[in-house]
Amino acid sequence: EHSTHLLSRLYFVDMPGAEQLSVDPMTLRIREGPTLNQGIMAFGEVVKTLSSKDPEFVNYRQSKLTELLQDALGGNSYMV
């Protein structure tokens, strides 16, 4: 007899946004702005590389976001 196992994962990603701007907009932009931009840019680069016709190397280590989502973005995964 042959048994098959199915593994499912569900990822929720909450990226920091403008919800904290009312506290102190200048401090938030200085402290979190570059980190947020780096995560979004890294995610865009990974998606761009994966969508190319022949992706040679996908750098998931550009940000924590892409490292955490490596299993979901590459390989035998379906995104909804």
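The rules behind these values
- Residues numbered from 1 in each chain as written.
- Predicted model: local features only at pLDDT ≥ 70, side-chain atom pairs only at ≥ 80, totals over all residues.
- Heavy atoms only, no water.
- Helix = DSSP H or I, 4+ residues; strand = E, 2+ residues; numbered from the N terminus.
- Buried < 20%, exposed > 50% of the residue type's maximum accessible area, 1.4 Å probe, protein only.
- Contact = heavy atoms within 4.5 Å.
- Areas by Shrake-Rupley, 256 points an atom, 1.4 Å probe, with all protein chains shown as cover.
- Polar contact = N/O pair within 3.5 Å; in protein donor to acceptor, adjacent residues only side chain to side chain.
- Core = buried A, V, L, I, M, F, W, Y, C linked by side-chain atoms within 4.5 Å.
- pLDDT = per-residue confidence, 0-100.

(A) Highlighting the overall build of the protein. The secondary structure content of the protein amounts to three helices and zero strands. Going residue by residue from the N terminus, the α and β elements of the protein occur as α-α-α. The proportion of buried residues among the 80 residues of the protein is 16%. Expressed as a percentage of contacts within the protein between residues at least 6 apart in sequence, the contacts between residues at least 24 apart total 36%. When the accessible surface of the protein is split by element, carbon and sulfur atoms take 56% of a total near 7300 Å².

(B) Looking closely at the side chain of T66. The topology assignment puts T66 in helix 2 (residues 64-68). Judged by relative accessible area, T66 falls into the buried class, the value being 0%. A distance of 2.7 Å separates a polar side-chain atom of T66 from the backbone oxygen of Y60. Once residues lying within four places of it in the same chain are set aside, the contact partners of T66 are A42, F43, V46, Y60 and R61.

(C) Representation of the nonpolar core within the structure. Judged by nonpolar contacts, V46, V58, Y60, L65, L69 and L73 together constitute the single largest core of six residues. The contact partners of Y60, leaving out residues within four places of it in the chain, are V46, L50, T66, E67, Q70, L73 and G74.

(D) Here's a closer look at the confidence of the model for the protein. Mean pLDDT for the protein: 75, with 65% of residues reaching 70 or above. When pLDDT is averaged over each helix and strand of the protein, the minimum, 75, is found for helix 1 (residues 25-51) and the maximum, 86, for helix 2.

(E) Layout of the environment of P55. Locating P55 in the fold gives a position in the loop between helix 1 and helix 2. Ignoring any residue separated from it by four or fewer positions in sequence, one finds P55 in contact with T49 and L50.

(F) Summary view of the environment of T66. Between the C-alpha atom of T66 and that of F43, which follows or precedes it by 23 residues, the distance is 5.9 Å. At a separation of 3.1 Å, a polar atom in the side chain of T66 contacts the main-chain carbonyl oxygen of S63.

(G) Examining the environment of N59 more closely. The residue N59 is located in the loop between helix 1 and helix 2 in this model. Given a relative accessible area of 30%, N59 falls into the partly exposed group. A sequence separation of 16 residues divides N59 from F43, and the C-alpha atoms of the two residues are 9.9 Å apart. Polar side-chain contacts of N59 include one of 3.1 Å to the backbone nitrogen of R61.

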